[in-house]
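# Notes for the structure review
Chain by chain, the residues:
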Amino acid sequence: MTERNGNGRTAAGKMIDLALQGGGSHGAFTAGVLDALLEDGRLRFDGVSGTSAGAMNAVVLADALARAHDDGQDDAQAREAARKALRRFWDRVGLMGNFMAGVPLPTAQTLATIFTQWLSPAQMNPLGLNPLRQWLQSEIDFERLARQRQIKVFVSATNVRTGRGEVFSGQRLSVDAVMASACLPTLFQAVQIGDDYYWDGGYSGNPVIHPLIYHTQSADVLLVQINPIEAPWTPAASALDIMERVNEITFNASLLAEMRAIEFVSRLLAEGRLDPDRYRNVLLHRVDGGAALATFGAASKSRADSAFIARLYDLGRGAGGDWLRTHFDDIGVRSSVARVAHHEIHHTT
């Protein structure tokens, strides 16, 4: 293992944590960002937190790095192996998506909305078949993930009974945990883990940042955000557009709350009102894919044909490269995310 020094750097470069948001096929954008970071080679990853598609990117990345380490490969070879693994995963998603490529996306969305109003996922798919599960089981060694020490992995899902988010890592990190993290309740049966059932982690943390703060040494967290915080709106929006915007707001709410908390603690530390030995000053960074992906519309998260996946991947690579050129020197020095907007309070007299 490479030794770390006090400022979060290693012999191979700067150390950073990754926080990967979910968003259906838009997760290919995130994989493109990771591809650019891995190709650049100046960053090492201390921990990764992922939700839904972000969780899948997280385990594919971590498993490839762990496999390369077990095979005695050096850092450059491990990064290349991780790039190939991420590309292979999203190529597989594209191949599966090609089967639906002949169905116009609005039609597919409308049919799904109609069916799920009257039929539960258990009725529509009683065997709970999901090709991504089979792929993960065949390609990802979850026992290796549990014992590896190259990168800490955290996957979040929502406990249906308690309504609270739950983080899976170490020995609890399994294919069930990853599938639970990506389980939209209108499309898939709730995933049972132990005595409880779980839905998509986006309802409670998309993604969660706190495990990175408490369980890694890096002070820097890079958020790859693919759900837009702001989006154009019209009262004439369709019912589907309304539902998609509600989902975007819901899936961003917990993330914004965590970002505000990080900002609040950082401000108190800067003012000398908190003990720096007890509280970490988190340096937050962001690759914001929301603006670029918003042009495709929220419904495109369900589009997964190969051409679209490749386009998203390339957009992510470009965004990752732009972020490195603009903000690499901020790592270990300062946050590069603008202040999170707080609730506006309007006074009347």
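Predicted model, so just to flag it, every value in this text is computed and none were measured.

## Let's talk about the packing of aromatic side chains
- Considering all chains together, one arrives at 4 aromatic pairs under this definition.
- Centroid distance phenylalanine 168 to tyrosine 198: 5.4 Å. Interplanar angle 75°. Geometry classified as edge-to-face. With phenylalanine 168 in strand β5 (residues 165-168) and tyrosine 198 in strand β7 (residues 196-199), this pair connects stretches of sequence that are 30 residues apart.
- By relative accessible area, which is 0% here, phenylalanine 168 ends up buried.
- For tyrosine 198, a relative accessible area of 2% translates into the label buried.
- Note on phenylalanine 296 and phenylalanine 308: the rings are 5.2 Å apart at their centroids and 90° apart in plane angle, and the pair reads as edge-to-face. Here phenylalanine 296 is found in the loop between α11 (290-294) and α12 (306-327), whereas its partner phenylalanine 308 is found in helix α12, with 12 residues between them in sequence.
- In this structure phenylalanine 308 comes out as buried when scored by relative accessible area, which is 2%.
- Through successive ring pairs, a cluster of aromatic residues spans Phe89, Trp90 and Trp135.
- Over the ring of phenylalanine 328 we find arginine 42; its NZ or CZ atom is 3.9 Å from the centre of that ring.
- In this structure, arginine 87 is placed above the aromatic ring of tyrosine 313, and the distance from its NZ or CZ to the ring centre is 3.9 Å.

## A closer look at helix α10 (residues 239-270)
- In this model, α10 (32 residues) spans 46 Å end to end at C-alpha, consistent with the 46 Å of a helix rising 1.5 Å per residue.
- Within α10, the axis deviates most sharply at alanine 253, by approximately 35°.
- Phi for glycine 272, located one or two positions after α10, is positive at around 75°.

## Points about the pattern of salt bridges
- Tallying each qualifying case throughout the model produces 20 salt bridges.
- Among the salt bridges present, the one from arginine 317 reaches glutamate 39, with a minimum N-O distance of 3.0 Å. Of this pair, arginine 317 sits in helix α12 while glutamate 39 sits in helix α1 (residues 27-40), and the two are 278 residues apart along the sequence.
- The partly exposed category is assigned to arginine 317, whose relative accessible area is 26%.

## Topic: unusual backbone geometry
- In this model, asparagine 206 is joined to proline 207 through a cis peptide bond whose omega is -10°.
- One can find proline 207 in the loop between β7 and α9 (210-215).
- One non-glycine residue with positive phi stands out, namely serine 52, at about 55°.
- Here serine 52 lies in the loop between β3 (43-50) and α2 (53-70).

## Considering the confidence of the model for the protein chain
- Confidence in the prediction for the protein chain averages 84 pLDDT; 84% of positions are at 70 or higher.
- Across residues 343-349, confidence stays below pLDDT 50; counting only partners more than four residues off in sequence or on other chains, it has 1 contact.

## A short note on a nonpolar patch on the surface
- A cluster of nonpolar side chains, contributed by Val160, Tyr197, Trp199 and Tyr203, occupies part of the molecular surface with about 340 Å² of accessible area.
- Given the relative accessible area of 33%, valine 160 is considered partly exposed.

## Side note on the environment of tryptophan 90
- When you line up the elements, tryptophan 90 lands in helix α3 (residues 75-98).
- Placed 216 residues apart in sequence, tryptophan 90 and serine 306 show a C-alpha to C-alpha distance of 8.5 Å.
- Discounting residues that sit within four places of it in the chain, tryptophan 90 has contacts with Gly24, Ser25, Gly27, Ala28, Ala31, Ala53, Asn57, Ile309 and Tyr313.

Thresholds applied
Residues numbered from 1 in each chain as written. Predicted model: local features only at pLDDT ≥ 70, side-chain atom pairs only at ≥ 80, totals over all residues. Heavy atoms only, no water. Phe/Tyr/Trp six-rings, centres within 6.5 Å; stacked < 30°, edge-to-face > 60°. Helix = DSSP H or I, 4+ residues; strand = E, 2+ residues; numbered from the N terminus. Buried < 20%, exposed > 50% of the residue type's maximum accessible area, 1.4 Å probe, protein only. Lys NZ or Arg CZ within 6 Å of the ring centre and 35° of its normal. Expected span 1.5 Å × (residues − 1). Bend = angle between axes of the 7 residues up to and from the residue. Salt bridge = Lys/Arg side-chain N within 4 Å of Asp/Glu carboxyl O. pLDDT = per-residue confidence, 0-100. Contact = heavy atoms within 4.5 Å. Patch = residues over 30% accessible without salt bridge, like charges linked within 9 Å, V, L, I, M, F, W, Y side chains within 5 Å. Areas by Shrake-Rupley, 256 points an atom, 1.4 Å probe, with all protein chains shown as cover.

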